[in-house]
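# Structure assessment
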Amino acid sequence: GIAMTNLINSLPNRPSDDRGSLYVDYTNITTVQVQKAREKGWIVYDCKPGGGEYDGAPGWEINSTNFPDAKFRAVVAASDIDTDRDGFLRETEAELVLVLNLDGKNISNLTGIEYFTELSKLRCCENNLTSLDVSKNTKLQELYCYRNRLTTLNVNNTAVKTLMCYGNRISGRNMTNFVKSLPTWSGNDGNLYVCDDNVSPDNVIIAAQVNTAKNKGWNVKKYSNVYKPYAGQGDVNGDDNINKNDLNVIVKIIMGEIPSGIQELAGDVNNDGKVDAADVVKMVDILNGN
């Protein structure tokens, strides 16, 4: 901890032809601290019987290099994660973090999340994230990242089964890549909440991408007061079908006759933040397969 850092800082510099020897318990020194000792001309050894030269227990200094976002860095530096408050996230400390709640903390970058390899549940909703990659969090089962500004999301190699990512801005090729990154489950065990009628612009997932997700064992849903099955862009009324009924709903919204249980922005199929004649044109294109 801090005592080890102070010890290393107090070590005198040694010449390259007369290096000092430092014997420590391997759990008490990180790779960064070992490197600092070496720079001062010291060789670090494991003090246990038979122990040889040692590189240090895996750990990462809690700094702007390893954790670029100051808000996230402050969370990691807190006593419930950096338990010895030495300014280093040790592997042993990171492995104790199974659930992480970062909702509404004004975080823009989650670089460093990859160190939490035992993480099973991550909440990072209502922040300022534009991209998120949790592909190294292989034990992650639940991910809640709704209402950010995400344009890319990678959950490849994870064990995610519950994924709430509505209220973001993933579309086109990025949506295709995201759907491809979903793990495959048997028995429709996955639940993907991808759209939110109350938010525009929102994710744009087309019917073909929904079908890809379904073929990988995912139930695709949207939020509109309640969670409904969702067939993709154009499924305005949330009945898991795309047909002329959805066009009729858009017309009713424009006429001010919004059907019960339907949010106004559900008719914003062109994602311009309003429901008007342009959405009618877009809906006709969708029905025509364009």
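Heads up: the structure comes first, above all this text.
Here is what the cut-offs are and how they apply
- Residues numbered from 1 in each chain as written.
- Predicted model: local features only at pLDDT ≥ 70, side-chain atom pairs only at ≥ 80, totals over all residues.
- Heavy atoms only, no water.
- Helix = DSSP H or I, 4+ residues; strand = E, 2+ residues; numbered from the N terminus.
- Buried < 20%, exposed > 50% of the residue type's maximum accessible area, 1.4 Å probe, protein only.
- 1 Å grid on protein atoms, 1.4 Å probe; cavity = no way out; pocket = protein on both sides within 12 Å on 5 of 7 lines; lining within 4 Å.
- Points joined across faces, edges and corners; volume = space filled by probe spheres on them.
- Nonpolar A, V, L, I, M, F, W, Y, C, P; charged D, E, K, R; others polar.
- Core = buried A, V, L, I, M, F, W, Y, C linked by side-chain atoms within 4.5 Å.
- Contact = heavy atoms within 4.5 Å.
- Lys, Arg positive; Asp, Glu negative; His and termini not counted.
- Salt bridge = Lys/Arg side-chain N within 4 Å of Asp/Glu carboxyl O.
- Polar contact = N/O pair within 3.5 Å; in protein donor to acceptor, adjacent residues only side chain to side chain.
- Pairing = 2+ DSSP bridges.
- Axes fitted to C-alpha atoms, helices over the stretch in contact; angles between N-to-C directions.

Here we come to unusual backbone geometry. Omega for the peptide link from Ser200 to Pro201 comes to 0 degrees, which places this bond in the cis form. Counting through the fold element by element, Pro201 comes out in the loop between β11 (190-196) and α6 (207-215). In this structure, Asn188 takes a positive phi of about 55 degrees despite not being glycine. Turning to its location among the elements, Asn188 is positioned in the loop between α5 (172-181) and β11. The partly exposed category is assigned to Asn188, whose relative accessible area is 43%. Notably, Asn225 is not glycine yet its phi reads approximately 70 degrees, a positive angle. Residue position: Asn225 is located in the loop between β12 (218-224) and β13 (226-229).

One way to see where empty space is left: roll a probe the size of a water molecule over the atoms. Of the volumes computed, that of the largest pocket is approximately 210 Å³. Around the largest pocket sit 14 residues that line it, and Leu110, Thr111, Ile113, Glu114 and Asp133 are the ones nearest its centre. Partitioned by chemical class, the residues of the lining of the largest pocket number 5 nonpolar, 6 polar and 3 charged.

The subject of this paragraph is the nonpolar core. Counting 45 residues, the largest nonpolar core has Phe72, Phe116, Leu122, Leu143, Leu153, Leu163 and Phe178 as the members making the most contacts within it. Going through the elements one at a time, α3 (70-77), α5, β11, α6 and β12 are the ones with two or more residues in this core. Dropping the residues within four chain positions of it, Phe178 is found in contact with Leu153, Val155, Leu163, Cys165 and Leu192.

Further remarks concern the side chain of Lys228. Relative to the assigned elements, Lys228 resides in strand β13. The side chain of Lys228 sits in the buried core without any salt bridge; Asp197 is the nearest counter-charge, 6.0 Å away. Among the polar contacts made by the side chain of Lys228, one reaches the main-chain carbonyl oxygen of Gly261 at a distance of 3.3 Å. Sequence-distant contacts of Lys228, defined by excluding residues within four places in its chain, comprise Val220, Lys221, Lys222, Asn237, Gly238, Gly261 and Ile262.

The strand order β5-β6-β8-β10-β11-β12-β13 describes an open sheet built from 7 strands, whose pairing is mixed. Taken across any chain shown, the strands that pair with only one partner, and hence form the sheet edges, are β5 (99-101) and β13. For this sheet the average axis-to-axis angle between neighbouring strands, irrespective of direction, equals 15 degrees. Direction of pairing for strand β6 (residues 121-123) relative to strand β8 (residues 142-144): parallel, over a ladder of 3 bridges. The residue bridging Lys121 from the neighbouring strand is Glu142, located in β8.

Following the criterion strictly, the structure yields 1 cavity of 30 Å³ or more and no others. Approximately 220 Å³ is the volume found for the largest cavity. If you go around the largest cavity, you meet 20 residues; those closest to its centre are Tyr230, Leu265, Ala266, Asp268 and Asn271. Along the lines of polarity and charge, the residues of the lining of the largest cavity split into 9 nonpolar, 5 polar and 6 charged.

That is the geometry; function is a separate question.
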